[in-house]
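What follows is each chain in one-letter form.
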Amino acid sequence: MSDKLNEARNKINVIDQQMKELFLKRMEIVDEIIKEKKRLNLPIYDETREKEVIKKNSEDIDDELLKTCYINFLISLMNESKKYQKEKLN
């Protein structure tokens with residue numbers, strides 16, 4: 001295997017670790033949101049909020065293919081968050 005390929009993979013490994021740490025931090029905050037939604041008797045799914053998050057976080061991506069990939073990533077992340085919230089509320 002080439003040195004360049006190994007170097008690139010090592011960089012991805014570092015980024016994956018950082019993403020895991022950020023994901024776990026994000027889910028800690030989701031725990032706070034769950035408590036507040038429960039207290040306020042609010043539904044888990046908030047379509048307006050999700051559209052807002054997607055728009056705000058993707059509007060500055062110029063490459064349309066990367067933008068689509070990132071939007072799909074956000075949707076997947078929010079779907080996992082909703083599943084987590086449902087499990088925590090049960």
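Reading the values: rules and limits
- Numbers given for residues are sequential positions, taken from 1 along each chain in its written order.
- Local features in a predicted model are, by the rule used here, given only for residues with pLDDT of at least 70; side-chain atom pairs are given and counted only at 80 or more, and totals for whole chains, interfaces and linings are based on all residues.
- In computing side-chain properties, one takes all heavy atoms of the structure into account and sets aside hydrogens as well as water.
- Should a side-chain nitrogen of Lys or Arg be within 4 Å of a carboxyl oxygen of Asp or Glu, the pair is scored as a salt bridge.
- Only DSSP runs of H or I covering at least 4 residues are called helices, and only runs of E covering at least 2 are called strands; the numbering of each starts at the N terminus.
- Exposure classes here rest on a 1.4 Å probe applied to the protein chains alone. A residue is buried below 20% of its type maximum, exposed above 50%, and partly exposed in between.
- In this analysis, axes come from line fits to C-alpha atoms, helices being fitted only over the stretch in contact, and the angle between any two N-to-C directions falls in the range 0 to 180 degrees.
- Between 65 and 115 degrees an angle is taken as roughly perpendicular, under 35 as roughly parallel, over 145 as roughly antiparallel, and anywhere else as oblique.
- Put simply, a crossing is left-handed when the front helix is turned counterclockwise from the back one by less than a right angle, and right-handed when it is turned clockwise.
- Any pair of residues with heavy atoms lying within 4.5 Å of one another is described as a contacting pair.
- We call Asp, Glu, Lys and Arg charged. Ala, Val, Leu, Ile, Met, Phe, Trp, Tyr, Cys and Pro are nonpolar, and the rest, Gly among them, are polar.

A. Quick look at the pattern of salt bridges. Taken as a whole and assessed by the stated rule, the structure comprises eight salt bridges. The residue K88 makes a salt bridge to D31 at a minimum N-O spacing of 3.7 Å. On the criterion of sequence distance, the pair formed by K88 in helix 3 (residues 64–89) and D31 in helix 1 (residues 3–40) is long-range, its members being 57 residues apart. Among the residues examined, K88 registers a relative accessible area of 46% and is labelled partly exposed. Of the residues examined, D31 reaches a relative accessible area of 21% and is grouped as partly exposed. Residue E47 pairs with K51 through a salt bridge whose shortest N-O separation is 3.1 Å. In this pair, E47 and K51 are both assigned in helix 2 (residues 47–58), four residues apart and thus about one turn of the helix distant.

B. Quick peek at the packing of helix 1 against helix 3. Direction vectors running N to C along helix 1 and helix 3 enclose 50°, while the axes themselves pass 10 Å from each other. One finds that helix 1 runs oblique with respect to helix 3. The crossing of helix 1 and helix 3 is right-handed. Residue-level contacts link M19, F23, R26, M27, V30, D31, I33, I34, K37 and K38 of helix 1 to F73, L77, M78, E80, S81, Y84, Q85, K88 and L89 of helix 3. Across the contact of helix 1 with helix 3, the residue classes tally to eleven nonpolar, two polar and six charged.

C. Up close: the side chain of S58. Position of S58 relative to the elements: it lies in helix 2. Sequence-distant contacts of S58, defined by excluding residues within four places in its chain, comprise K67, Y70 and I71.

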